[in-house]
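Structural description and commentary
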Amino acid sequence: LFSITNAYVSPYGAVIKNGKVIKESIYKYSYKKKRNAFLSYCKKRFTNKIKKVDGDCILIHHSWFQNYYHWMIEIMPRLYLMRDNLSDKKLLLHKNISKFHLDSLMKFNFKEIVFIEENEIAKCTNVCFTSFPNYYTDKFLSVNFQKIKVIELNINYAIMREMKHWFEKYYPPLKTNTTFCNRKIYISRKKAGHRKILNEHELESFLTDKGFKSVFLEDLSFEDQIHLLNNSSIVIGMHGAGLANILFMQPETHIINFVSDQHHEFCYLSIASVV
């Protein structure tokens, strides 16, 4: 847990103190991200685009906050760790958020939410944030005399199990609701902008015959997504943000993840191990 006084906070969660970017505030820390955050800070200070925020603030988001996967798996655990001490705190967030952001924050008791515009920087009396419990690591494997880069999710299982059960406490399974009785589901990315299944109509026809129901998670509320996955026994889907919800599945259930042979990322294998 970090507590920084008289610091600046960028719209994307970078913390700057005495002209230096606090590296622990940046996800997947790199020279480029640190440099860009510093240049943006300098520009906004020069143009006096400063929002003063008094009192105690907390910071949870990073530059990929708009993606559901990154929000649920990398950002929400930071908030969960500070959940018991929020009533007198202001949450700092980028102005451009979606409904699922607000829905997922409903059970947390903030003093208020302060939104930072894209073209401004916040000057805070005091800002608190944690390090990232879950983060990516890279390694190389030798396959057929070729080196292949593999991306894995270094996940804190204890924290994720606690957070899973905490959400389930507030959103218990709706056993009698017929909307969530179909326990075999296929998560479609038909409405997504990329990473789609080319012959999806054939796949859906095949799965329908096997008793599966196709769903678009982006059409469901945050609460309904938790209920649906919590009551599902088999989930099939293309590699994408919607599969972050497998966090809420029960033990001894199953997930089939379609992924390109060029996409060597195994984050959902880690999430599936959180029971």
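On a predicted model such as this, the values are computed, not experimentally measured, just so you know.

Structural notes on the nonpolar core
What tends to happen in soluble globular proteins is that the nonpolar side chains get buried as a cluster. Ranked by internal contacts, the top residues of the largest apolar core, which has 53 residues, are Tyr69, Trp71, Met76, Leu79, Phe167 and Ile271. Secondary-structure elements contributing two or more residues to this core are helix H2 (68-81), strand E5 (90-94), helix H3 (99-105), helix H4 (157-170), strand E10 (184-187), helix H6 (222-230) and helix H7 (267-272). Considering every element that reaches this core, the biggest residue donor is H2, with nine residues. When sequence neighbours within four positions are dropped, the list of residues in contact with Phe167 reads Met76, Ser104, Phe108, Phe222, Ile226 and Phe248. Among the nonpolar cores identified, the runner-up in size contains 15 residues, and Val15, Leu59, Ile116 and Val127 belong to it.

Quick look at the packing of aromatic side chains
Taken as a whole and assessed by the stated rule, the structure comprises 17 aromatic pairs. Here the aromatic rings of Tyr171 and Phe222 are separated by 5.9 Å at their centres, their planes lie at 85 degrees, and the arrangement is edge-to-face. A residue pair is termed long-range when its members are at least 10 positions apart, and Tyr171 in the loop between H4 and E10 and Phe222 in helix H6 qualify at 51 residues. Residue Tyr171 is classed as buried on the basis of its relative accessible area, which comes to 4%. By the ring-pair criterion, three or more aromatic residues cluster together here, those being Tyr80, Phe108, Phe110, Trp166, Phe167, Tyr170, Tyr171, Phe222 and Phe248. Seen from the ring of Phe132, Arg78 lies directly overhead, with NZ or CZ sitting 3.9 Å from the centre. The ring of Phe216 has Lys191 lying over it, and the distance from NZ or CZ to the ring centre is 4.6 Å.

Digging into the sheet that holds strand E13 (residues 254-258)
The sheet built from four strands is open, its strands ordered E11-E10-E12-E13 with parallel pairing. Two strands bound the open sheet, and with one partner strand each, they are strand E11 (213-215) and E13. Direction aside, neighbouring strands of the sheet carry axes that sit 20 degrees apart on average. Set on the sheet, helix H5 (residues 200-209) makes contact with E10, E11, strand E12 (234-238) and E13; between it and E10 the angle comes to about 175 degrees.

Here's the deal with the packing of H2 against H4
Axis angle and axis distance: for two packed helices, these are the angle between their axes and the distance between the axes, and together they describe the pair. The contact between H2 and H4 brings their axes to 10 Å, and the two run at 80 degrees. When the interaxial angle is binned, H2 and H4 end up roughly perpendicular. Here H2 contributes Met72, Ile73, Met76, Pro77, Tyr80 and Leu81 to the contact with H4, which in turn contributes Ile159, Met160, Glu162, Met163, Trp166 and Phe167. Looking at the contact of H2 with H4 residue by residue, the classes come out as 11 nonpolar, no polar and one charged.

Topic: the side chain of Glu74
Turning to its location among the elements, Glu74 is positioned in helix H2. Among the polar contacts made by the side chain of Glu74, one reaches the side chain of Tyr27 at a distance of 3.1 Å. At 2.8 Å, the side chain of Glu74 and the side chain of His70 are in polar contact. Residue contacts for Glu74: discarding those within four places in its chain leaves Tyr27, His62, Trp64, Tyr69, Phe132, Asn134 and Tyr136.

Remarks on the environment of Tyr135
Topologically, Tyr135 is positioned in strand E8 (residues 135-143). The exposure class assigned to Tyr135 is partly exposed, which follows from its relative accessible area of 35%. A C-alpha to C-alpha distance of 19 Å links Tyr135 and Phe248, two positions 113 residues apart in sequence.

A word on the sheet that holds strand E6 (residues 112-116)
Across the sheet, seven strands lie side by side as E3-E2-E1-E7-E4-E5-E6; this open sheet has mixed pairing. Two strands in the sheet have a free side with no partner beyond their single neighbour: strand E3 (20-21) and E6. Sheet topology places strand E2 (residues 15-17) next to E3; two bridges connect them, and they run antiparallel. When the bridges of E3 are listed, Lys17 appears paired with Lys20.

Considering the pattern of salt bridges
If you walk through the whole model with that rule in mind, you get nine salt bridges. A salt bridge links Lys90 to Glu112; the nearest nitrogen and oxygen atoms lie 3.9 Å apart. Pair noted here: Lys90 is in strand E5 and Glu112 is in strand E6, with a separation of 22 residues, a long-range link. The exposure class assigned to Lys90 is buried, which follows from its relative accessible area of 13%.

Observations regarding unusual backbone geometry
For Asn6, which is not glycine, the phi dihedral falls at a positive 50 degrees. For Asn6, the position within the fold is in strand E1 (residues 2-9). Its identity as a non-glycine residue notwithstanding, Glu252 has a phi of 65 degrees, on the positive side. By the element assignment, Glu252 lies in the loop between E12 and E13.

Reading the values: rules and limits
- Residues numbered from 1 in each chain as written.
- Predicted model: local features only at pLDDT ≥ 70, side-chain atom pairs only at ≥ 80, totals over all residues.
- Heavy atoms only, no water.
- Core = buried A, V, L, I, M, F, W, Y, C linked by side-chain atoms within 4.5 Å.
- Buried < 20%, exposed > 50% of the residue type's maximum accessible area, 1.4 Å probe, protein only.
- Helix = DSSP H or I, 4+ residues; strand = E, 2+ residues; numbered from the N terminus.
- Contact = heavy atoms within 4.5 Å.
- Phe/Tyr/Trp six-rings, centres within 6.5 Å; stacked < 30°, edge-to-face > 60°.
- Lys NZ or Arg CZ within 6 Å of the ring centre and 35° of its normal.
- Pairing = 2+ DSSP bridges.
- Axes fitted to C-alpha atoms, helices over the stretch in contact; angles between N-to-C directions.
- Parallel < 35°, antiparallel > 145°, perpendicular 65-115°, else oblique.
- Nonpolar A, V, L, I, M, F, W, Y, C, P; charged D, E, K, R; others polar.
- Polar contact = N/O pair within 3.5 Å; in protein donor to acceptor, adjacent residues only side chain to side chain.
- Salt bridge = Lys/Arg side-chain N within 4 Å of Asp/Glu carboxyl O.

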